[in-house]
Amino acid sequence: MLGPKRLQKELVKIQGPLAPGITLVSAEDLQSWYMDVQVMDNPIYSNEVYRLHFRFSNNYPIEAPEVVFVRDESHPIPIHPHIYSNGIICLDLLDSAGWSPVHNVESVCVSIQSMLTGNTKRERPPGDAEFVRSNRQRPKDINFLYHDTTV
């Protein structure tokens, strides 16, 4: 079982200096971690801090973690064409076809931060309300079509 050993190494690393705007909030066990992400260079997201919830299977890092934005009183869900209002993120990196074991928690955070930094559209994905109302699948079980590479 590679997962726990790899996560222990990652946890030691992310308790030190991280990329600007990325902070470890909690990692009470090796199954569920919370990270905060700030976007430094996009006025759409200025003065906001977003919280990510990582869930790891025993097959991590062979299998991608499940990563979603979570909303609470001080952390909104970012408005972005690839982020649903329930926090589910449409990002090929989080899909089995786009995932590689060379990625880690920090690189996922940096990728999401970069996706937000490059965004110019303050809008939700098409069909957001219907998706949020009807979806019963876990994020990692959703087969997104990755057709929009401009955001």
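So, a few notes on the structure that sits alongside this text. Computed from a predicted structure; not experimentally measured.

Under the counting rule described, the total for this entry stands at six salt bridges. The salt bridge partner of E10 is R6, with a shortest N-O separation of 2.9 Å. Here R6 and E10 lie together in helix 1 (residues 2–14), a separation of four residues that amounts to about one turn. The two residues E10 and R6 agree in class, both being buried. Ionic pairing is found between E106 and K13, a salt bridge with its closest N-O pair at 2.7 Å. Highlighted residues: E106 in helix 2 (residues 105–117) and K13 in helix 1, separated in sequence by 93 residues. The class of E106 is buried, set by a relative accessible area of 15%. With relative accessibility at 48%, the residue K13 sits in the partly exposed group. If you follow the salt bridges from partner to partner, you end up with D36, R51 and D72 in one network.

Turning next to the pairing of strand 4 (residues 66–70). Taking burial as the measure, the five residues of strand 4 include four buried ones, the bulk of the element. Summarising the sheet, strand 3 (residues 49–55) and strand 4 pair through five bridges and their orientation is antiparallel. Bridge pairing in strand 4 links R55 to E66.

What follows concerns the sheet that holds strand 4. Backbone hydrogen bonds hold the strands of a sheet together, and the pairing may be parallel or antiparallel. Pairing is antiparallel across the open sheet formed by four strands, whose spatial order is 1-2-3-4. The outermost strands of the open sheet, each flanked by one partner alone, are strand 1 (22–26) and strand 4. On average, each strand axis in the sheet is inclined to that of its neighbour by 30°, with strand direction left out of account. Pairing of strand 1 with strand 2 (residues 32–38), which is carried by four bridges, proceeds in the antiparallel orientation. If you follow T23 over to strand 2, its bridge partner there is D36.

Moving residue by residue along a regular strand, the side chains alternate between the two faces of the sheet. Counting buried positions along strand 3 gives five out of seven residues, so the element sits mostly inside the fold. Note that strand 2 and strand 3 share seven bridges and pair antiparallel. Its bridge partner lying in strand 3, V37 is registered against Y50.

With 13 residues, helix 2 extends 18 Å between its outermost C-alpha atoms, agreeing within 8% with the 18 Å of an ideal straight helix rising 1.5 Å per residue. Every buried residue of helix 2 is accounted for by V105, E106, V108, C109, I112, Q113, M115 and L116. Sitting at the amino-terminal end of helix 2 is N104, which places a side-chain oxygen 3.0 Å from the backbone nitrogen of E106.

Basis of the calculations
- Residues numbered from 1 in each chain as written.
- Predicted model: local features only at pLDDT ≥ 70, side-chain atom pairs only at ≥ 80, totals over all residues.
- Heavy atoms only, no water.
- Salt bridge = Lys/Arg side-chain N within 4 Å of Asp/Glu carboxyl O.
- Helix = DSSP H or I, 4+ residues; strand = E, 2+ residues; numbered from the N terminus.
- Buried < 20%, exposed > 50% of the residue type's maximum accessible area, 1.4 Å probe, protein only.
- Pairing = 2+ DSSP bridges.
- Axes fitted to C-alpha atoms, helices over the stretch in contact; angles between N-to-C directions.
- Expected span 1.5 Å × (residues − 1).
- Polar contact = N/O pair within 3.5 Å; in protein donor to acceptor, adjacent residues only side chain to side chain.

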